[in-house]
Amino acid sequence: MNELLSKLNNEQREAVEHINGPLLVLAGAGSGKTRVLTTRIAYMIGKKGIAPWNILAITFTNKAAKEMKDRVETLVGADANDMWVRTFHSACVRILRRDIERLGYDKNFNIIDSDDQKSLVKECLKELGFEEKQFPPKSVMSEISFAKDNLLTPIEYAQEYGVDFRKKELARLYALYQKKLKTANDLDFDDLIMLTVKLLHENEDVLEFYRNKFRYILVDEYQDTNKAQNELIILLAGQHRNLCVVGDDDQSIYKFRGADITNILDFEKAFPECRTIRLEQNYRSTQNILDAANNVIKNNYGRKGKKLWTDKGKGKNISVYKAQNEHDEASFIANTMSALSRDGYSYSDMAVLYRANASSRALEEVFMRKAIPYRVLSGLRFYDRKEIRDMIAYLRLIKNPDDDISLKRIINTPSRKIGKVTLDKIAAAAEREGTSLLRAIGSYKDGLGQNVADFYDLIITLQEFAKDNKISELVNEVYEKTGYRAFLETDEKAQERDENVNELINGAANYEEANEDASFEEYMDNLALISDIDNYDEDLQAAIFMTMHSAKGLEFPIVFICGFDEGIFPSMMSMASSEDLEEERRICYVAITRAREILYITCAKSRMLYGKTSGYKSSRFLDEIPQELMDITDNTPRVEESWVPKTSTFNPYEIPKSSLTSYSAPAPKPVSNKTFRAGECVVHKKFGRGIIISATPVGNDVHYEIAFESVGTKNLLGLYAKLEKA
DNA sequence: CTCAGCTAGATTTTT
DNA sequence: TCTAGCTGAG
């Protein structure tokens, strides 16, 4: 134990040894936060004799939870298993499974994900006669989520915001949505937190039980908590007050999904007797990199203030490359990487970080062409894949026959010739009987046709199968018996999809091995709460591309940050409010501090975005990095003054077509050999004869507006329209 | 019921 | 420009 402590610096050691009473650890990037947390737990158990079952450690991701548990286990051994190391959501599921009946819910609830949420919202919109244009499902979802994050029931939400006409309608939607969830015995992610808080609020004995159990609480990534999560923690720790929260206000980058930075900023107000410790010594990066990060982040107002330092030395300067366009930018990155690789660096030591996933395209093109190994940490995650979600929907329906959302998803996938008409009939029957869709089918199946009856029997058979077979066998059985395997064979992406389902089956088998006595129910909870298979294989010899958000918590010897342009980063959408801009700056701080040794920053004078080429000014964040830390290479050709608008507060601006250069751009597409002018008569393969109203050159193509004799006016592109002279 | 064709919209993402 | 998701014709 003493040996463990001796590996820590003074601040770290203090954070480990301060066990009683509230503690706020402001842990800068790369300051050994995880080491502090795990050592602290080991210290509590090994030195202070605190029982593992009295400890609750909360993280945000399963990955972090697993890592923490593993590391504690190597320190203290099997004792670690008696400790709760869980994500917020999985801790809440466990609490709710025990006592949710107190809130009038069924113990056997299912957890739905955002995709199901969306279809449910759409249903509610339809039922209340709202237009999706007026209430986009996405924004309805985030409003409901906002309400739940703030612990507001539909009624409370209406009271609070009902004066606003739109919000009044949203409250109705929220109420209906909630009613539907409850009938289907489903909870969404936000319910898990909100209902747990409600449970503890309304049931003194339950609260007592957990307060007594969790005498020591640790929370990781505290800057990412929302109001409901914070409330939960405060409730649990409110009595014994042995609460240690670890976080970095400068790395709060999840406001858009409800994270409330004031939780960490006001922690000292909520717990006035708290001890605050700053971890500012960085063990990751060179001083130049840290200076860049420090100088950027110091421009934010809403922060506690920290200054990272290292004893590693200054290291290399930051290389900045100003590219002509995104292709040039990508080529620079590719060429630099291949040079570094010749110098003995491994591609797996290198990462490219960008603000938005769309930026990976230009990079991929170039890397593919130059045959440099790369991987994209993509937006589409394993459990979001259609085939996986379909399989899970079957499993959910098998587990919970009332799960209408899942039933609707798969009743006709693969096709069983059960369409909208039949489904409406079933829904009407269910409505009449006040029951769920599957149960309605059960009572009326003779009247609904053979297809529906077969589907019903299929689910019942699988339910039986689930009772006395292993989970992996059940998943396999579902794959076979539902016809899904055969269905995939007809798909052009068949092989990949089949592999994904097999991966799911393997995953189930692994789960059985790791949790011998695990039930089907537990497996399903695990499925619902796990975000992705943590299959980011660090040993693979390839450079990795990812968003700055996904890079949080990771580090690489060599980092390229691309798209350092006003409007790209900071993102256009953030430029209206200073709060959002500060969040962008925190993202920048996160991105810079991912680098251990070498940092490259690139921007481009012009880029194609959404099919339009615009000019860009380099990011304001670049101006915030001291000149002396940077070596700048400018590959932008000198151009006449008129090129850049003099009063260029408005960015990005449209580039005059004439000044576009084709430098290192991909070969232009073949220009259509026939072009037409306004007034000419043309013939289209499908639309027949028409007259050209206007012809506008767009890049190397021409955009035509054509009035056809039979189908009216259409907008067509010359390259694709295959027009003939009439 | 299905599938082709068109339109609108397009940060960031965990659970 | 790309693509997901809706609409209307078969």
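Overview of the structure.

Rules used throughout
- Residues numbered from 1 in each chain as written.
- Chains lettered and ligands numbered in written order.
- Predicted model: local features only at pLDDT ≥ 70, side-chain atom pairs only at ≥ 80, totals over all residues.
- Heavy atoms only, no water.
- Axes fitted to C-alpha atoms, helices over the stretch in contact; angles between N-to-C directions.
- Helix = DSSP H or I, 4+ residues; strand = E, 2+ residues; numbered from the N terminus.
- Parallel < 35°, antiparallel > 145°, perpendicular 65-115°, else oblique.
- Left-handed = near helix turned anticlockwise from the far one by under 90°.
- Contact = heavy atoms within 4.5 Å.
- Buried < 20%, exposed > 50% of the residue type's maximum accessible area, 1.4 Å probe, protein only.
- Pairing = 2+ DSSP bridges.
- Expected span 1.5 Å × (residues − 1).

### Some points on the packing of helix H7 (residues 137-149) against helix H10 (residues 189-202)
Item 1. With their axes 9 Å apart at the nearest point, H7 and H10 run at an angle of 20° to one another. By the angle class used here, H7 and H10 are roughly parallel. Considering the relative orientation of H7 and H10, their crossing is left-handed. Taken together, the residues of H10 that come into contact with H7 (itself represented by Ser 145, Lys 148 and Asp 149) are Asp 190, Asp 191 and Met 194.

### Some thoughts on the pairing of strand E13 (residues 556-561)
Item 1. Across the six residues that make up E13, a large majority, six, are buried.
Item 2. By the bridge criterion, four bridges tie strand E10 (residues 350-354) to E13 in an arrangement that is parallel. Each residue of the ladder has a partner; that of Leu 353, found in E13, is Ile 561.
Item 3. In this sheet, strand E14 (residues 595-609) lies alongside E13 in parallel orientation, the contact comprising five bridges. Among the inter-strand pairings, Ile 558 is bridged to a residue of E14, identified as Ile 598.

### Concerning helix H3 (residues 33-46)
Item 1. Taking 1.5 Å per residue, 14 residues should reach 20 Å; H3 reaches 20 Å between its end C-alpha atoms and fits that length.
Item 2. Here H3 lies mainly inside the structure; ten of its 14 residues are buried.
Item 3. Within the span of H3, buried status applies to Val 36, Leu 37, Thr 38, Thr 39, Arg 40, Ile 41, Ala 42, Tyr 43, Met 44 and Ile 45.

### So, H7
Item 1. Over its 13 residues, H7 runs 18 Å from end to end, which matches the ideal 18 Å to within 8%, given 1.5 Å per residue.
Item 2. Among the residues making up H7, those that are buried are Pro 137, Val 140, Met 141, Glu 143, Ile 144, Ser 145, Ala 147, Lys 148 and Asp 149.
Item 3. Contact partners of the buried residues in H7: helix H6 (114-127), helix H8 (154-161), helix H9 (165-183), H10 and helix H12 (227-237).
Item 4. Following H7 by one or two positions, Leu 151 has its phi on the positive side, about 60°.

### Description of the side chain of Lys 148
Item 1. Note that Lys 148 resides in helix H7.
Item 2. Residue class for Lys 148 comes out buried when judged on its relative accessible area of 0%.
Item 3. The residues touching Lys 148, leaving out its near neighbours within four places in the chain, are Tyr 174, Tyr 177, Gln 178, Leu 181, Asp 188, Asp 190, Asp 191, Met 194 and Ala 228.

### Considering the pairing of strand E2 (residues 55-59)
Item 1. In terms of burial, E2 is a largely internal element, five of the five residues being buried.
Item 2. On E2, burial covers both faces: Ile 55, Ala 57 and Thr 59 on one face and Leu 56 and Ile 58 on the other are all buried.
Item 3. The sheet contact formed by E2 and strand E6 (residues 216-219) spans four bridges and is parallel. Directly across from Leu 56, in E6, lies its bridge partner Ile 217.
Item 4. When E2 meets strand E3 (residues 84-87), the two strands line up parallel, connected through four bridges.

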